[in-house]
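# Topology and contacts: notes
Given next are the chains, with one letter for each unit.
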Amino acid sequence: MIAIIDYGAGNIFSVKNALEHLGIDAKLTSDKSEIATADGMILPGVGAFGFAMEKLQESGLADIIKEQSTKKPLLGICLGMQLLFDKSYEFGEHEGLGLIHGYVDKIVAPDLVVPHMGWNKLEKQNICPMLENIGDESYVYFVHSYKAFCDDDSIAAYCEYGGKVPALVYDGKYVYGAQFHPEKSGDTGLAMLKSFAKICKEV
Amino acid sequence: MLAKRIIPCLDVRDGKVVKGVNFQGIREVGDPVECAEEYNSQGADEIVFYDITASHEGRGVFLDVVRETAKRVFVPLTVGGGIKTVDDIREALRAGADKVSVNSQAVQNPQLIKDGADIFGSQCICLGVDAKKTKSDGWTVFINGGRIDMQLDLIDWVKKAEQLGAGEICLNSIDTDGVRGGFDIPMLKEVVNAVKIPVIASGGAGKLSDFADAFLQTDCSAALAASLFHFKELTVSDVKTDCRSKGIIVR
């Protein structure tokens with residue numbers, strides 16, 4: 001079972017719907033023992049960094065995510081991906097989960113519209129198990145105003161939007177983060193979720 | 001580089017898709033979930049559900065439609081109509097919407113934009129605007145489905161909404177809506193130039209080339225249509241093929 005962590009921030013059902021559509025066993029939960037016994041974790045999220053982090057800390061979920069991410073796969077999606085980093089400067093300065101080194105800050109692209117919203121093309125940077133079945137002309141759906149700033153080593157794939165935007169990050173072990181929404185990215189996104197579920201089973 | 005988006009819009013009343021002309025003369029055109037699935041298979045980049053139900057019971061049915069669609073369609077869904085409070089936003093997102101569109105309520109209570117953006121992020125707050133040319137040098141904002149002129153200058157309003165945290169603007173022209181003579185290019189140009197956030201062209205698509213014209217003549221990010229797609233005069237893939245042949249990047 002994959003635990004989709006429910007902490008009251010945004011659209012979490014679409015992730016579950018996509019996994020169900022793929023026939024993958026998944027459960028929305030904020031229960032620590034369920035998270036501890038799951039094969040893998042997905043940290044979703046649409047919204048503001050500070051508010052989400054506050055919810056995770058208040059509930060004690062931040063600690064369990066940190067602890068479990070050393071033992072089993074974790075996939076952060078959109079805001080959930082941003083929460084993996086050390087800190088964010090969205091509406092003030094907020095501490096993140098610190099699972100991948102780097103920070104989150106506003107996209108600065110003077111000639112382009114922010115938020116970066118819509119379908120953009122993935123450019124592969126490093127080998128990552130989640131990219132195994134993904135072709136070179138793949139578009140995925142983004143909706144965000146902030147992006148990660150991190151080492152190239154952590155970037156599995158990026159897209160171009162007024163500079164490099166980390167799209168899929170990977171710590172080389174258990175922690176994955178998708179800035180885009182795989183659950184909203186048609187067949188490409190569904191293929192990536194399928195790969196993640198396979199990775200969870202193999203651990 | 002972002003692909004330009006083609007967005008079909010479904011006006012939903014009592015669980016059925018309906019379509020009016022110039023905000024009057026409403027008729028039913030089908031099942032919303034089936035329509036959404038069809039648009040998804042045609043390559044729609046996003047689907048908008050607009051709740052035109054007045055009753056409390058109707059709201060429940062509407063959210064069920066969103067919930068059911070989200071189980072079958074894996075592209076972004078936007079919900080508009082009936083969003084009055086932060087709780088309404090939360091409820092729509094929990095039903096499976098990715099974004100909400102606020103319109104009349106935001107005009108009457110601009111704080112809704114700021115509160116929504118602070119809690120859920122700017123990216124899921126779309127400002128829907130109905131505007132009409134009411135003076136020689138500009139447009140004013142209307143509310144309640146285009147019935148009440150707020151005598152609020154369109155450009156002042158979109159700039160204010162952007163400052164308050166709106167992440168996107170869906171700009172509907174009352175003058176061109178339902179007329180099928182093409183999008184309101186002059187209005188679109190003014191708004192695109194006034195704000196940095198993405199602008200969706202809405203109201204007036206009547207033929208294939210209207211979409212490419214909006215993308216070629218303005219810097220809008222997306223184009224939305226309802227009746228054209230409902231009545232199966234055109235498919236989303238027809239529109240994309242036409243755009244692609246004119247050098248416009250589409251998915």
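All of the points below concern the structure found in this document. Everything numeric in this text was worked out from a predicted model, so none of it was measured.

Our focus in this paragraph is the overall build of chain A. Helix and strand counts for chain A stand at six helices and 14 strands. A compact globule built from 203 residues would reach a C-alpha radius of gyration of about 17 Å, and chain A, at 15 Å, matches this within 12%. For chain A, the spread of C-alpha atoms along the three principal axes comes to 45 × 40 × 30 Å. Taking all 203 residues of chain A together, 57% fall into the buried category. Contacts in chain A between residues far apart in sequence, at least 24 positions, make up 71% of those at least 6 positions apart.

Within an α-helix, residues lying three or four positions from one another point in the same direction, as the helix has 3.6 residues per turn. Taking 1.5 Å of rise per residue, 17 residues should cover 24 Å, and helix H2 (residues 56-72) of chain B covers 25 Å from first to last C-alpha, within 8% of that figure. Listed in full, the buried residues belonging to H2 of chain B are Phe 62, Leu 63, Val 65, Val 66, Thr 69 and Ala 70 of chain B. All buried residues of H2 of chain B project into a common sector of 150° when viewed along the axis, lining one side. Counted as exposed and oriented over 90 degrees from the buried face of H2 of chain B: Glu 57 and Gly 60 of chain B. Buried residues belonging to H2 of chain B abut helix H1 (13-21) of chain A together with strand S1 (5-13), helix H1 (32-42), strand S4 (47-51), strand S5 (77-80) and helix H3 (86-94) of chain B.

Time to look at the interface of chain A and chain B. Listed by partner, the interface residues are 28 residues for chain A and 29 residues for chain B. Mapped by element, the contributors of at least two residues to the side of chain A that touches chain B are H1, strand S8 (116-121), strand S10 (139-144) and helix H6 (186-202) of chain A. Class assignment of the residues belonging to the side of chain A that touches chain B gives a composition of 14 nonpolar, eleven polar and three charged.

All names here are of chain B. It is at 9 Å that the axes of helix H8 (residues 208-217) and helix H10 (residues 236-245) come closest, and there the two elements cross at 50°. Comparing the axis directions of H8 and H10 gives the class oblique. Judged by the twist between their axes, the crossing of H8 over H10 is right-handed. Between H8, through Leu 208, Ser 209, Phe 211, Ala 212 and Phe 215, and H10, the contact on the second element is made entirely by Asp 238, Val 239, Asp 242 and Cys 243. Among the residues forming the contact of H8 with H10, the class breakdown is six nonpolar, one polar and two charged.

Turning our attention to H1 of chain A. All names here are of chain A. Extensive coverage of H1 is indicated by the burial of seven of its nine residues. Of the residues making up H1, those classed as buried are Phe 13, Ser 14, Val 15, Lys 16, Asn 17, Ala 18 and Leu 19. Remark: Gly 23 follows H1 within two positions and exhibits a positive phi of approximately 75°.

In this section: the pairing of strand S10 (residues 168-173) of chain B. All names here are of chain B. Most of S10 is tucked away, with six of its six residues classed as buried. Bridge count for strand S7 (residues 125-135) against S10 is six bridges, and the pairing is parallel. By the bridge assignment for S10, Leu 127 is matched with Ile 169. Bridge count between S10 and strand S11 (residues 199-202): four bridges; the pairing is parallel. Pairing of Asn 172 across the sheet is with Ser 202, part of S11. In terms of handedness, the path from S10 via helix H7 (residues 185-194) over to S11 forms a crossover that is right-handed.

The strands making up a sheet associate through hydrogen bonds between their backbones, and the pairing can be parallel or antiparallel. All names here are of chain A. Pairing in this open sheet of eight strands is mixed, and the strands run S2-S1-S3-S4-S14-S13-S12-S9 from one edge to the other. Where the open sheet ends on each side, the last strands, each with one partner, are strand S2 (26-29) and strand S9 (123-124). Relative to strand S3 (residues 40-43), strand S1 (residues 2-5) is paired through three bridges, and the arrangement is parallel. Across the sheet, the residue bridging to Ile 2 is Gly 40, located in S3. Sheet strands touched by H1: S1, S2, S3 and strand S4 (74-77). Its angle to S2, the strand with the most contacts, is close to 165°. Running over the sheet, helix H4 (residues 61-68) touches S1, S3 and S4 and is turned about 135° from S3.

Before going further, it helps to examine the sheet that holds strand S11 (residues 146-149) of chain A. Strand order in the open sheet formed by four strands is S6-S5-S7-S11 (chain A), with mixed pairing between adjacent strands. What marks the edges here is a single partner per strand, and that holds for strand S6 (94-95) and S11 of chain A.

Here is what the cut-offs are and how they apply
- Residues numbered from 1 in each chain as written.
- Chains lettered and ligands numbered in written order.
- Predicted model: local features only at pLDDT ≥ 70, side-chain atom pairs only at ≥ 80, totals over all residues.
- Helix = DSSP H or I, 4+ residues; strand = E, 2+ residues; numbered from the N terminus.
- Rg over C-alpha atoms; globule rule 2.2 N^0.38 Å.
- Buried ≥ 20, exposed ≤ 12 C-beta atoms within 10 Å, placed from the backbone.
- Contact = placed C-beta atoms within 7 Å.
- Expected span 1.5 Å × (residues − 1).
- Arc of directions from axis to C-beta.
- Nonpolar A, V, L, I, M, F, W, Y, C, P; charged D, E, K, R; others polar.
- Axes fitted to C-alpha atoms, helices over the stretch in contact; angles between N-to-C directions.
- Parallel < 35°, antiparallel > 145°, perpendicular 65-115°, else oblique.
- Left-handed = near helix turned anticlockwise from the far one by under 90°.
- Pairing = 2+ DSSP bridges.
- Right-handed = clockwise from strand over helix to strand, strands pointing away.

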